[in-house]
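Residue-level listing of the chains:
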Amino acid sequence: MSDTTHNGALATSRPPSADAGLSPAELARKYGLSVSGARPGLGEYVRQLWGRRHFIMAFSRAKLVAQYSQAKLGQVWQVATPLLNAVVYWLIFGLILGAGREMPKDVYVPFLVMGIFVFTFTQSSVMAGVRAISGNLGLVRALHFPRASLPVSFSLQQLQQLMYSMIVVFVIALWFGNFPRLSWLLVIPALALQFVFNTGLAMIFARMGSKTPDLAQLMPFVMRTWMYASGVMFPIGVYLKDQPQWISDVLLWNPAAIYMDLIRFALIDDYGANNLPPHVWAFAVGWAVLIGLGGSVYFWKSEERYGRG
């Protein structure tokens with residue numbers, strides 16, 4: 001198109017574009033464009049995560065092997081570390097403070113060891129989850145993959161490490177006269193539920209830690225408080241029998257105590273059902289579903305913001 005100006009010059013103008021007046025969102029839809037790194041729907045996200053299952057397994061195994069690669073004893077420390085913790089706690093709480101005075105020695109020693117090993121499973125998963133994003137920013141910024149792969153792989157790493165530790169648990173159970181029976185099979189669903197719970201908790205703290213790196217410095221104090229409140233070194237019901245019932249109930253129903261007591265109940269002959277809170281399996285499933293699903297959704301909600309500073 002052309003037109004003549006008042007001084008006789010010839011001016012030209014382009015015909016109106018078909019895209020004129022369209023918003024950026026409308027232009028993106030028209031040409032099939034999408035935001036780089038945009039969060040997919042939850043169902044699609046789960047499918048993408050399943051598609052990365054081989055990466056998750058390989059990454060967790062590599063982290064497990066590398067964890068003690070500089071130590072001369074290597075993977076022996078996977079078992080030696082929690083076992084040494086158990087010895088220290090037994091010396092302090094068992095011998096000096098008499099935390100197990102309400103229990104025979106052949107019950108208290110497995111009780112303490114199982115509590116430390118099982119709680120360490122949750123503690124390590126949470127601590128690894130806090131740094132899952134903030135400690136792997138190079139990987140997050142360089143590659144496109146579901147970010148949940150990282151906290152899941154760290155939780156899986158801790159599960160694999162626990163499998164080594166369970167060998168020691170079984171040996172100690174046998175040493176103190178607890179021989180295999182059908183109840184030992186309850187260890188499988190108990191640890192499976194704890195793994196789901198741990199993974200959800202790792203995702204929650206992975207999102208929180210991605211924006212607040214200082215959280216990693218605070219978490220050891222939080223986890224230590226949780227450990228003392230969960231009856232790792234002493235039976236909650238016995239030591240709180242003179243306190244209001246609701247205090248004992250709150251501590252017995254906290255998830256760490258529930259998963260520990262289920263393992264103790266399964267493996268220790270004289271640790272009867274009277275030591276467990278009512279509806280213990282319902283609470284174990286409920287905590288796993290609540291934190292596992294809730295943590296996954298909470299982490300997914302911030303998917304597109306991870307690694308963006």
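Refer to the structure presented above.
On a predicted model such as this, the values are computed, not experimentally measured, just so you know. (Residues numbered from 1 in each chain as written. Predicted model: local features only at pLDDT ≥ 70, side-chain atom pairs only at ≥ 80, totals over all residues. Heavy atoms only, no water.)

### What about a positive patch on the surface?
Together, Arg 39, Lys 211, Lys 301 and Arg 305 line one region of the surface with positive charge. By the secondary structure assignment, Lys 211 is in helix H8 (residues 187–211). (Patch = residues over 30% accessible without salt bridge, like charges linked within 9 Å, V, L, I, M, F, W, Y side chains within 5 Å. Areas by Shrake-Rupley, 256 points an atom, 1.4 Å probe, with all protein chains shown as cover. Salt bridge = Lys/Arg side-chain N within 4 Å of Asp/Glu carboxyl O. Lys, Arg positive; Asp, Glu negative; His and termini not counted. Charge placed at Lys NZ, Arg CZ, Asp CG, Glu CD. Helix = DSSP H or I, 4+ residues; strand = E, 2+ residues; numbered from the N terminus.)

### As for the pattern of salt bridges
Across all of its chains, the model carries three salt bridges by this definition. Between Asp 269 and Arg 181 there is a salt bridge, and its shortest N-O distance comes to 2.9 Å. On the criterion of sequence distance, the pair formed by Asp 269 in the loop between helix H12 (255–267) and helix H13 (280–300) and Arg 181 in the loop between helix H7 (149–175) and H8 is long-range, its members being 88 residues apart. Of the charged contacts in the structure, one is a salt bridge between Asp 261 and Arg 264, with a shortest N-O distance of 3.0 Å. You can see Asp 261 and its partner Arg 264 sitting in helix H12, three residues apart, about one turn around the helix.

### Considering the packing of helix H5 (residues 105–130) against H12
Any two packed helices are characterised by how steeply their axes cross, that is the angle between the axes, and by the distance between the axes. One way to put it is that H5 packs onto H12 with a least axis distance of 9 Å and a crossing angle of 135 degrees. With respect to H12, the element H5 is oriented oblique. Along this stretch, H5 crosses H12, giving a crossing that reads as right-handed. Only Ala 256, Tyr 259, Met 260, Ile 263, Arg 264 and Leu 267 of H12 make contact with H5, whose side of the interface consists of Phe 111, Met 114, Gly 115, Val 118 and Phe 119. Tallied by class, residues from the contact of H5 with H12 come to nine nonpolar, one polar and one charged. (Axes fitted to C-alpha atoms, helices over the stretch in contact; angles between N-to-C directions. Parallel < 35°, antiparallel > 145°, perpendicular 65-115°, else oblique. Left-handed = near helix turned anticlockwise from the far one by under 90°. Contact = heavy atoms within 4.5 Å. Nonpolar A, V, L, I, M, F, W, Y, C, P; charged D, E, K, R; others polar.)

### Side note on a nonpolar patch on the surface
There is a patch of nonpolar side chains on the surface, built from Val 87, Val 88, Leu 91, Ile 92, Leu 95 and Ile 96 and spanning about 530 Å² of accessible area. Here Leu 91 lies in helix H4 (residues 77–96).

### Points about the side chain of Gln 157
The topology assignment puts Gln 157 in helix H7. A relative accessible area of 5% places Gln 157 in the buried class. Those residues in contact with Gln 157 that lie beyond four places of it in its chain are Ser 60, Lys 63, Leu 64 and Gln 67. (Buried < 20%, exposed > 50% of the residue type's maximum accessible area, 1.4 Å probe, protein only.)

### Considering the packing of aromatic side chains
Throughout the structure, instances matching the rule amount to eleven aromatic pairs. Considering the side-chain rings of Phe 170 and Trp 184, the 5.5 Å spacing of their centres and the 15 degrees angle between planes classify their relative orientation as stacked. Taken together, the residues span a long stretch of sequence, with Phe 170 in helix H7 and Trp 184 in the loop between H7 and H8 at a distance of 14 residues. Note on Trp 184: relative accessible area 14%, which makes it buried. Judged by centre distance (6.5 Å) and plane angle (80 degrees), the ring pair of Phe 197 and Trp 287 falls under edge-to-face. Here the residue Phe 197 occupies a position in helix H8, and Trp 287 occupies one in helix H13, the gap between them amounting to 90 residues. Given the relative accessible area of 26%, Trp 287 is considered partly exposed. Taken together, the aromatic side chains of Phe 55, Phe 59, Phe 145 and Phe 154 make up a single cluster linked through ring pairs. Above the plane of the ring of Tyr 298 lies Arg 207, whose end atom (NZ or CZ) is 4.2 Å from the centre. (Phe/Tyr/Trp six-rings, centres within 6.5 Å; stacked < 30°, edge-to-face > 60°. Lys NZ or Arg CZ within 6 Å of the ring centre and 35° of its normal.)

### Side note on the nonpolar core
Of all hydrophobic cores here, the largest spans 79 residues; its most connected members are Phe 119, Leu 150, Met 219, Met 233, Leu 267 and Phe 299. The greatest single-element share of this core, amounting to 16 residues, is contributed by H5. Beyond its immediate chain neighbours, meaning those up to four positions away, Phe 119 contacts Met 223, Trp 226, Met 227, Ser 230, Val 232, Ala 256 and Met 260. (Core = buried A, V, L, I, M, F, W, Y, C linked by side-chain atoms within 4.5 Å.)

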